[in-house]
Amino acid sequence: SAVISQKPSRDICQRGTSLTIQCQVDSQVTMMFWYRQQPGQSLTLIATANQGSEATYESGFVIDKFPISRPNLTFSTLTVSNMSPEDSSIYLCSGGWGGRYYGYTFGSGTRLTVV
Amino acid sequence: KQEVTQIPAALSVPEGENLVLNCSFTDSAIYNLQWFRQDPGKGLTSLLLIQSSQREQTSGRLNASLDKSSGRSTLYIAASQPGDSATYLCAVLYNQGGKLIFGQGTELSVKP
């Protein structure tokens, strides 16, 4: 299975600023996703990162707030823009080949605190 | 709507007990189901992957079963240890969409 490196692992940011999270996969994967995990909650899918095109966002998430890039099959970034304390969460990157035979691997997450 | 539900939300057991975590899903048209472990403030570690054609998978003290027709999966942990304390998440890959849908998780505490 793929190994995913995610950075930064944690950050404390001022409200109104933006943070870009990077996700690097050690092999080419078909699918890459970004999830948010709010305190005490399960994972909520933010968007599917599409290689070379705009990401596909889930209901409740918009590109202006969470711009995503995926320039190739092994790398993606998520930016959390104009942050507020409500954005304090763990953000997780996931990747895999999709389909019935393969599972998905997750990065170690970015713990974001907005003050 | 494609949903995943986990019961119980939390479980506390003494060391050495065998235990079962439950996961249910609303649509039997799935590719596979994964069980993950998450330690506090950390990312996810994949434990077991069951393909839609399989009935169970085993890894060490862990055994996961899948009953697609009833929309259920169980994770069985034998001879639990304090190091098993974590949140266990069930995630389903439905045929449509290509994305994992997660349950709310079961927070397990194994007391020495």
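Look above for the structure.
Residues numbered from 1 in each chain as written. Chains lettered and ligands numbered in written order. Predicted model: local features only at pLDDT ≥ 70, side-chain atom pairs only at ≥ 80, totals over all residues. Heavy atoms only, no water.

Draft legend 1. Just the side chain of Asp 84 of chain B, in detail. All names here are of chain B. Relative to the elements of secondary structure, Asp 84 occurs in the loop between β8 (72-77) and β9 (86-94). Asp 84 sits in the buried class, given a relative accessible area of 7%. Here Asp 84 is in contact with Arg 37, Arg 61, Ile 77, Leu 108 and Val 110, once residues within four sequence places are set aside. (Helix = DSSP H or I, 4+ residues; strand = E, 2+ residues; numbered from the N terminus. Buried < 20%, exposed > 50% of the residue type's maximum accessible area, 1.4 Å probe, protein only. Contact = heavy atoms within 4.5 Å.)

Draft legend 2. Local environment of the interface of chain A and chain B. Contacts between the two partners involve 21 residues from chain A, matched on the other side by 20 residues from chain B. For the pair chain A and chain B, the summed buried surface comes to about 1700 Å²; carbon and sulfur atoms form 52% of the total. Applying the counting rule to chain A against chain B returns one salt bridge. For Lys 99 of chain B, the salt bridge identified is with Glu 58 of chain A, shortest N-O distance 2.9 Å. Where chain A packs against chain B, one counts seven residue pairs in polar contact (both at pLDDT 80 or more). Within the residue set of the side of chain A that touches chain B, elements represented by two or more residues are β4 (31-37), β9 (89-96) and β10 (104-106) of chain A. Residues of the side of chain A that touches chain B, tallied by class, amount to 11 nonpolar, seven polar and three charged. (Buried area = accessible area lost by both parts, 1.4 Å probe. Salt bridge = Lys/Arg side-chain N within 4 Å of Asp/Glu carboxyl O. Polar contact = N/O pair within 3.5 Å; in protein donor to acceptor, adjacent residues only side chain to side chain. Nonpolar A, V, L, I, M, F, W, Y, C, P; charged D, E, K, R; others polar.)

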